[in-house]
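# Fold and geometry: a report
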Amino acid sequence: SDIGRVFGGKPVAFIGASPGEFGTILSQEAWLPVLRTLGTQPWFGGRLMVSRAGGVFDAQGALVDDKVRAQLRDFVAGFAGFADAGR
């Protein structure tokens, strides 16, 4: 099927930001069954959930929090290793 051809085996990871404390957790949990149904390969080595995102980004959307920046860097590196291993 087209779904399998397009999505099958593709590595995916979860990143989310929300103004509250739990929005991104709920959203990521809701997407998981969808991504599994599509046949993707979710990476469970890490998730990035940024709560209270209003204090992490400036008015133009630039990331200004050094702690979150480090978490993002580590997250992307981990996911890249997972995606490369699957090739």
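Preceding this section is the structure that the text describes.
In this numbering scheme, every chain counts its residues from 1 along its sequence in written order. Thresholds applied to this predicted model are a pLDDT of at least 70 for local features of residues and 80 or more for the giving and counting of side-chain atom pairs; totals over whole chains, interfaces and linings are not thresholded and use all residues. Calculation of side-chain values draws on the structure's entire complement of heavy atoms; hydrogens and water are dropped beforehand.

### Comments concerning a nonpolar patch on the surface
Together, Phe22, Ile25, Leu26 and Met49 give the surface a local cluster of nonpolar side chains, amounting to about 390 Å² of exposed area. For the purposes of this entry, the term helix denotes a DSSP run of H or I that reaches at least four residues, the term strand denotes a run of E that reaches at least two, and both are numbered from the N terminus. Looking at the element boundaries, Met49 is found in strand E4 (residues 48-50). Think of it in three bands: residues with accessible area under 20% of the maximum for their type are buried, residues over 50% are exposed, and the middle band is partly exposed, with areas taken using a 1.4 Å probe on protein chains only. Its relative accessible area of 34% is what places Met49 among the partly exposed residues. Patches in this entry comprise residues that are over 30% relatively accessible and not in a salt bridge; like charges within 9 Å are linked, as are nonpolar side chains (Val, Leu, Ile, Met, Phe, Trp, Tyr) within 5 Å. What sets the accessible areas is the Shrake-Rupley method with a 1.4 Å probe; for residues, cover comes only from the shown protein chains. Whenever a carboxyl oxygen of Asp or Glu lies within 4 Å of a side-chain nitrogen of Lys or Arg, that contact is scored as a salt bridge.

### Some words on the pattern of salt bridges
For the coordinates displayed, the defined rule picks out 4 salt bridges. Here Arg47 ties to Glu29 by a salt bridge, and the two come within 2.7 Å at their closest N and O atoms. Of this pair, Arg47 sits in the loop between strand E3 (41-42) and E4 while Glu29 is found in helix H2 (residues 23-37), placing the two residues 18 residues apart along the sequence. Arg69 is the salt-bridge partner of Asp66, the closest N and O atoms lying 3.8 Å from each other. You can see Asp66 and its partner Arg69 sitting in helix H3 (residues 66-85), 3 residues apart, about one turn around the helix.

### Section: the packing of aromatic side chains
The rule is short: rings of Phe, Tyr and Trp, with Trp giving its six-membered ring, pair when the centres are within 6.5 Å, and they are stacked under 30 degrees, edge-to-face over 60, tilted in between. Evaluated as defined, the whole model comprises 3 aromatic pairs. Look at Trp43 and Phe75: their rings are 5.2 Å apart centre to centre, the planes differ by 65 degrees, and that puts the pair in the edge-to-face class. Of this pair, Trp43 sits in the loop between E3 and E4 while Phe75 sits in helix H3; the two residues are 32 residues apart in sequence, bridging distant segments of the chain. An identical accessibility class is assigned to Trp43 and Phe75; each is buried.

### Structural notes on the nonpolar core
In this structure, Trp43, Leu48, Val50, Ala53, Val56, Leu63, Val68 and Phe75 together form the largest nonpolar core, which totals 8 residues. Sorting the residues of this core by element identifies E4 and H3 as the ones contributing at least two each. Remark: nonpolar core denotes a set of buried residues (Ala, Val, Leu, Ile, Met, Phe, Trp, Tyr, Cys) joined through side-chain atoms within 4.5 Å. Val12, Phe14, Leu32 and Leu38 belong to the second-largest nonpolar core, a separate cluster that totals 5 residues.

### What to know about H2
Residues that lie three or four places apart on an α-helix share one face, since the helix turns once every 3.6 residues. The length a helix should cover is 1.5 Å for every residue beyond the first. Compared with an ideal rise of 1.5 Å per residue, which puts 15 residues at 21 Å, H2 spans 22 Å between its outermost C-alpha atoms and is within 8% of the ideal. Here H2 has its buried residues at Thr24, Gln28, Leu32 and Leu35. Directly beyond the C-terminal end of H2, a positive phi value near 85 degrees is found at Gly39.

### Focus on the side chain of Ser18
By the element assignment, Ser18 lies in the loop between strand E2 (15-17) and H2. Contacts between residues were defined by any pair of non-hydrogen atoms, one from each residue, lying within 4.5 Å. Excluding anything up to four places from it in sequence, Ser18 contacts Gly23, Thr24, Val50, Ser51, Arg52 and Ala53.

### Quick look at the side chain of Thr40
Along the chain, the position of Thr40 falls in the loop between H2 and E3. With relative accessibility at 8%, the residue Thr40 sits in the buried group. Here Leu35 takes part through its backbone oxygen, which lies 2.7 Å from a polar atom of the side chain of Thr40. Once residues lying within four places of it in the same chain are set aside, the contact partners of Thr40 are Phe7, Gly9, Lys10, Val12 and Leu35. N or O atoms closer than or at 3.5 Å make up a polar contact, with two conditions inside protein: a donor-capable atom paired with an acceptor-capable one, and, for residues adjacent in sequence, both atoms drawn from side chains.

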